[in-house]
Amino acid sequence: MTENGEDSCHHQSCEAPDKGDSVVNDRRPLKTLLVDTQPCKEHNDALKLSQTARNTDGEIISYQAQPPSLPRLSKGSKSGSLESVRTRSLRNRHESLSDPSENSSSTDSLKEDQAVVLRDAATLRNDQVSAVGRLPAATSGSPVFRDRGSSLSEYERRPHSQQSDPIEHRVRATKLRLSPVQPSGPLPALERSFASATLRLANRLDRDCLDYVALAKEKPGERLHRNLSDSRLLENMGSDSTSVNSMRSTYSVLSPIRPQDVRNRSFLEGSVLGSGALLGAEELDRYFPERRVGIYVATWNMQGEKGLPANLDDLLLPTDSEFAQDFYIIGVQEGCPDRREWEIRLQETLGPYYVMLYAASHGVLYLTVFVRRDLIWFCSEVEHATVTTRIISQIKTKGAVGIGFTFFGTSFLFITSHFTSGDAKVYERILDYNKIVEALALPKGLPDTNPYRSTASDVTTRFDQVFWFGDFNFRLSKDRVDVESIINQTAGDNMGPLLEHDQLSKEMKDGSIFKGFQEAQIHFRPTYKFDIGCDIYDTTSKQRTPSYTDRILFRNRQADDIKVVKYTSCSNIKTSDHRPVVGVFQVKLRPGRDNIPLGAGQFDRSLYLEGIRRRITRELKRREARKNQSSSSSICAIS
């Protein structure tokens, strides 16, 4: 019977939970007595008389009322105590999560909460009427209990030793402990490429490197970049695809190098084996997954003008190009008197991403090679040679200058030349070509990558990829009036009717010049001869016929090694009577061996520093001018 006088029926006492649910500080089973109430008004008096208990010897004794150890709690206070237990446990859990100095495990926290719950539950039981032992036979065998037994639940039908404390069961329901889930089968292997939000943020690209994001997205399955010494180090390593595909990770995150490799490798002497070579397949695939390098070729007859264009961006960095290229090759005929000034201007335009690998000249013929500075380590020593086609060798206005080097395992030859001028001097120009291919002494110390296809009488056969460009001076075999009429009638960029009269195209078809060379389709107007500063062809007394004198030709040992991306003229440069011609190419690369003399990263450092200094100075002046312009406009607006 409860304290407030409600009628109740008594159940047998039950033991405490198992050892796993026992209090942490006391591992012994906790046995308590509990009164389970059930309304039974008909037998209220009988239950009062039958309340007995057993002592430790098993003898039935009369019930002796004992004063409570704690103040009695009302029904409302009991539920409030349970709520305080839940609130305290929940608060403890939050404090444990929020406390940075908390080092205890989740299991210890669970045991501490359980101890609090059982201690409070024991207090609640002391506040109630003391529990009885087993009910006497008269009580348990009464008709009322027999009738009630048919409606007992499965839990209540269990033996008392298997029943748990109802209060404890109710409190523990909020602290369920789920058994660990066991996998039904073997776990799948971890993928080698996985995305990480942290690394994605850490490897965020700078604004000037955003163009590499598009490249990374085009090749999501691109294999991991490997170290130059041993690729086996990365075979079993996972990597973050977000960081690998970003430009910063591609050129900054380096793979480990074994000390044994550092002891054994000497790239300047090299190894004849392709495995593990600095110029081998592993390093080539790391920088060029498609094994193609971008090459930008420009040729321009400057007409010997002392004044250079104010801005060379249109020549080297056209706005219609999506990406800058890996190599920039600039050939000049009738160059300006100050060759050093010209090279500084090129460095200033290309900026800190590029360094001048080599520069050579033959009189007023200038040939300059710029390369991305992170690719300079894969270039061999650079060689150059010159040939004059004048009868008097001291006059160096006509002739050729060539530069040769090896990049990875592919050899390159770049030639810029200036042939004999004159509308009818086709034969003289063919002689110029023959003299150059025979007399240009290249290569000198570089090994021939394919000696079986080389001939001693033709320098262009001794290199894998050859680019020949310059002012070849071949004209259109047509009167000026007819040429201008064809130009005016030409729709769009179809220059086929003009090229039918091109001397160079005709001689190449006949096989008398540039054997084995190709030229991309021409979709631009003739580049010679203009009045300086405008787009009008020659208006002088000579009335020269517009012609395609400036050309870019290429030759390769293997078919389809060179793909043309763009071939056009630069109409914005108008300081000469010639328009510059530019070509963009994608060239096939092959892995090499370390048996070639490497350049060891050599470049013109003084030129690099001067070009960058001028670039910074120009930018500061531009900002100052913009600032002064904005301040002056603000003053005018106020006045």
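Conventions we followed
- Residues numbered from 1 in each chain as written.
- Predicted model: local features only at pLDDT ≥ 70, side-chain atom pairs only at ≥ 80, totals over all residues.
- Heavy atoms only, no water.
- Helix = DSSP H or I, 4+ residues; strand = E, 2+ residues; numbered from the N terminus.
- Contact = heavy atoms within 4.5 Å.
- Pairing = 2+ DSSP bridges.
- Axes fitted to C-alpha atoms, helices over the stretch in contact; angles between N-to-C directions.
- Buried < 20%, exposed > 50% of the residue type's maximum accessible area, 1.4 Å probe, protein only.
- Phe/Tyr/Trp six-rings, centres within 6.5 Å; stacked < 30°, edge-to-face > 60°.
- Lys NZ or Arg CZ within 6 Å of the ring centre and 35° of its normal.
- Right-handed = clockwise from strand over helix to strand, strands pointing away.
- Salt bridge = Lys/Arg side-chain N within 4 Å of Asp/Glu carboxyl O.
- Core = buried A, V, L, I, M, F, W, Y, C linked by side-chain atoms within 4.5 Å.
- pLDDT = per-residue confidence, 0-100.
- Expected span 1.5 Å × (residues − 1).
- Arc of directions from axis to C-beta.
- Polar contact = N/O pair within 3.5 Å; in protein donor to acceptor, adjacent residues only side chain to side chain.

(A) Geometry of the overall build of the protein. The helix and strand inventory of the protein stands at 20 helices and 15 strands. Sequence separation of at least 24 residues holds for 75% of the intrachain contacts in the protein that already meet a minimum separation of 6.

(B) Structural detail: the sheet that holds strand β11 (residues 410-418). Read from one edge to the other, the open sheet built from 5 strands follows the order β9-β10-β11-β12-β13, with strand pairing classed as mixed. With one partner strand each, in any of the chains shown, β9 (383-388) and β13 (550-556) form the two edges of the open sheet. Geometrically, the sheet is characterised by an average inter-axis angle of 15° between neighbouring strands, direction not taken into account. One ladder, built from 7 bridges, connects β11 with strand β12 (residues 465-471); its direction is parallel. Paired with I415 across the two strands is W468, which belongs to β12. Contacts from helix α16 (residues 426-439) reach β9, β10 (399-407), β11 and β12, with the element oriented near 145° to β9.

(C) Representation of the environment of R372 within the structure. Among the structural elements, R372 can be located in strand β8 (residues 365-372). Classification of R372 by relative accessible area gives buried; the value is 12%. Along the primary structure R372 and Q325 are separated by 47 residues, whereas in three dimensions their C-alpha atoms are 8.3 Å apart.

(D) Structural detail: the packing of aromatic side chains. In this structure the tally under the stated criterion is 29 aromatic pairs. Measuring from ring centre to ring centre gives 6.0 Å for F288 and F407, while their planes differ by 80°; the resulting arrangement is edge-to-face. Of this pair, F288 sits in the loop between α13 (281-287) and β5 (292-301) while F407 sits in strand β10, placing them 119 residues apart in sequence. Just as F288 is buried, F407 falls in that class too. Taken together, Y287, F288, F327, F378, F405, F407, F408, F412, F414, F467, F554 and F585 form an aromatic cluster joined through their ring pairs. Note that R429 overlies the ring of F474, its terminal NZ or CZ placed 5.0 Å from the centroid. Above the ring of F530, the side-chain terminus of R579 is found at 4.1 Å from the ring centroid.

(E) Here's a closer look at the pairing of β11. Most of β11 sits inside the fold, with 9 of its 9 residues counted as buried. Where β10 hands over to β11, the hairpin turn is made up of 2 residues, of which F408 adopts a positive phi near 55°. In the classification by handedness, the crossover that spans β11, the intervening α16 and the parallel β12 is right-handed.

(F) The pattern of salt bridges, seen in detail. Summed over the entire model, instances satisfying the criterion amount to 28 salt bridges. A salt bridge links E343 to R339, with the shortest nitrogen-to-oxygen separation between them at 2.9 Å. Separated by 4 residues within a single helix, E343 and R339 lie in helix α15 (residues 339-350), roughly one turn from each other. On the basis of relative accessible area, E343 is assigned to the buried category, the value being 4%. Judged by its relative accessible area of 27%, R339 is partly exposed. Taking the shortest distance from any N to any O, the salt bridge between E619 and R622 comes out at 3.6 Å. Taken together, the positions of E619 and R622, both in helix α20 (residues 605-638) and 3 residues apart, correspond to about one turn of that helix. A single salt-bridge network, built from bridges that share partners, covers R339, R340, E343 and D604.

(G) Fine view of the sheet that holds β5. The 6 strands lie next to each other as β7-β8-β6-β5-β15-β14, forming an open sheet whose pairing is mixed. Each edge of the open sheet is held by one strand with a lone partner, namely β7 (354-362) and β14 (562-569). Put simply, the sheet's adjacent strands are angled 15° from each other on average, direction ignored. Pairing between β7 and β8: 8 bridges, direction antiparallel.

(H) Layout of the nonpolar core. Membership of the largest hydrophobic core comes to 55 residues, with the highest contact counts inside it found for I295, F327, F405, F407 and F467. With residues near it in sequence (within four places) discarded, F467 still touches I295, V297, L413, F414, I415, L553, F554, I562, F585 and V587. Counting residues in each nonpolar core, the second largest holds 26 residues, with L308, I330, A359 and I573 among its members.

(I) Local environment of the confidence of the model for the protein. Looking at the protein as a whole, its pLDDT mean stands at 73, while 58% of the residues score no less than 70. Confidence drops under a pLDDT of 50 for residues 46-56, and excluding neighbours within four residues, the segment shows 23 contacts in the predicted structure. Scored below 50 in pLDDT, residues 128-153 makes 38 contacts in the model with residues more than four places away or belonging to other chains.

(J) Examining α16 more closely. Its 14 residues give α16 an end-to-end C-alpha distance of 20 Å, which sits within 8% of 20 Å, the value for a rise of 1.5 Å per residue. Within the sequence span of α16, burial applies to V426, R429, I430, D432, Y433, I436 and V437. The buried residues of α16 occupy an angular sector of 155° when the element is viewed end-on, so they sit on one face. Across α16 from its buried face, at more than 90 degrees, point the exposed residues Y427 and E438. Those residues of α16 that are buried are in contact with β9, β10, β11, β12 and α19 (503-510).

(K) Spatial organisation of the side chain of D561. Relative to the helices and strands, D561 is located in the loop between β13 and β14. Assessed through its relative accessible area of 4%, D561 is described here as buried. If near-sequence neighbours (up to four positions away) are discounted, D561 is found in contact with R292, Q465, N556, Q586, V587, K588 and R590.

(L) Local environment of unusual backbone geometry. Here the amide bond leading from L442 into P443 is cis, since omega sits at -5°, within 30 degrees of zero. Along the chain, P443 falls in the loop between α16 and β12. Look at the link from Y528 to K529: it is a cis peptide, with omega at 0°. Considering the arrangement of structural elements, one finds K529 in the loop between α19 and β13. In this model, Q303 sits at a positive phi of 60°, which is unusual for a non-glycine residue. Position of Q303 relative to the elements: it lies in the loop between β5 and α14 (313-316).

(M) Examining the side chain of K529 more closely. We classify K529 as buried; its relative accessible area is 11%. At a separation of 3.2 Å, a polar atom in the side chain of K529 contacts the side chain of D577. Excluding its chain neighbours within four sequence positions, the residues that come into contact with K529 are Q303, I536, Y537, D538, R544, P546 and D577.

(N) Looking closely at helix α17 (residues 480-489). Among the residues of α17, those classed as buried are R480, V483, I486 and I487. Buried residues in α17, looked at end-on, bunch into an arc of 125°, giving them a common side. In α17, the exposed positions angled more than 90 degrees off the buried face are occupied by V481, N488 and Q489.

(O) Quick peek at the environment of I522. Of note, I522 is situated in the loop between α19 and β13. Given a relative accessible area of 6%, I522 falls into the buried group. As a C-alpha pair, I522 and R551 span 29 residues in sequence and 9.6 Å in three-dimensional space. Setting aside its immediate chain neighbours within four residues, I522 contacts D493, M495, L499, Y548, R551 and Y567.

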